[in-house]
Amino acid sequence: PNSDYVLICLAVAIGEIYGKPLSASSISEYIGMPRVSVMRKLTELQARGLIERPARSKYTFGRFALTPEEYASVLASMKKMIHRASTELSKLDR
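Reading the values: the criteria
- Residues numbered from 1 in each chain as written.
- Predicted model: local features only at pLDDT ≥ 70, side-chain atom pairs only at ≥ 80, totals over all residues.
- Heavy atoms only, no water.
- Helix = DSSP H or I, 4+ residues; strand = E, 2+ residues; numbered from the N terminus.
- Rg over C-alpha atoms; globule rule 2.2 N^0.38 Å.
- Buried < 20%, exposed > 50% of the residue type's maximum accessible area, 1.4 Å probe, protein only.
- Patch = residues over 30% accessible without salt bridge, like charges linked within 9 Å, V, L, I, M, F, W, Y side chains within 5 Å.
- Areas by Shrake-Rupley, 256 points an atom, 1.4 Å probe, with all protein chains shown as cover.
- Salt bridge = Lys/Arg side-chain N within 4 Å of Asp/Glu carboxyl O.
- Axes fitted to C-alpha atoms, helices over the stretch in contact; angles between N-to-C directions.
- Left-handed = near helix turned anticlockwise from the far one by under 90°.
- Contact = heavy atoms within 4.5 Å.
- Nonpolar A, V, L, I, M, F, W, Y, C, P; charged D, E, K, R; others polar.
- Expected span 1.5 Å × (residues − 1).
- Arc of directions from axis to C-beta.
- Core = buried A, V, L, I, M, F, W, Y, C linked by side-chain atoms within 4.5 Å.

A. Broad picture of the overall build of the protein chain. Looking only at helices and strands, the protein chain features 4 helices and 2 strands. Walking the protein chain from its N terminus toward its C terminus, one meets helices and strands in the order α-α-α-β-β-α. Against the globule reference of 12 Å for 94 residues, the protein chain gives a C-alpha radius of gyration of 14 Å, in line with a compact fold. When the backbone C-alpha atoms are referred to their principal axes, the protein chain occupies close to 45 × 35 × 25 Å. Expressed as a percentage of its 94 residues, the buried residues of the protein chain come to 33%.

Written out as structure tokens, the structure is:
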């Protein structure tokens, strides 16, 4: 399902936001999806240019579609959204 791709992209974004890109195994653990499925979807996202894996390292977003300023802005916005979601989820734990 498309939601699987969204979860994978969110995991990649979280890794980038915190300056620690994730491996396929880490993404698999983080989102609770089998590693084989994650690998297959990452390969598809790479083929579309949305995800990069420089020199067989960890996964990052493809940067060809955005200027560095746009890319920084997108990451900053995602960080704010994740922080807000985290805050709201913490309230539910109380």
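So much for the structure itself; the text now carries on.
B. Focus on a nonpolar patch on the surface. On the surface, Val6, Leu7 and Leu10 cluster together into a nonpolar patch covering about 230 Å² of accessible area. Note on Val6: relative accessible area 48%, which makes it partly exposed.

C. Geometry of the packing of helix α2 (residues 24–31) against helix α3 (residues 35–47). In contact at an axis separation of 9 Å, α2 and α3 are set at 120 degrees when each is read in the N-to-C sense. Here α2 and α3 pass one another in a crossing that is right-handed. On α3, the residues touching Ala24, Ser25, Ile27, Ser28 and Ile31 of α2 are Arg35, Val38, Met39 and Leu42. Of the residues belonging to the contact of α2 with α3, the class tally is 6 nonpolar, 2 polar and 1 charged.

D. Examining α3 more closely. Between its first and last C-alpha atoms α3 spans 18 Å; for 13 residues at 1.5 Å apiece the expected length is 18 Å, and the two agree. By the burial criterion, the buried members of α3 are Ser37, Val38, Lys41, Leu42 and Leu45. Projected down its long axis, α3 carries its buried residues within an arc of 130 degrees, all on one side. Turned more than 90 degrees away from the buried face of α3 sit Val36 and Ala47, all of them exposed. For α3, the secondary structure elements touched by its buried residues are α1 (2–17), α2 and β1 (51–52).

E. Molecular detail of the nonpolar core. Ranked by size, the top nonpolar core spans 21 residues in total, and within it Ile8, Ile27, Ile31, Leu42, Ile51, Tyr59 and Phe61 carry the most contacts. Residue assignment for this core shows that the elements contributing at least two residues are α1, α2, α3 and α4 (68–93). Per-element tally for this core: the top contributor is α1, with 7 residues. In contact with Ile8, not counting residues within four places along its chain, are Ile27, Ile31, Met33, Val38, Lys41, Leu42 and Leu45.

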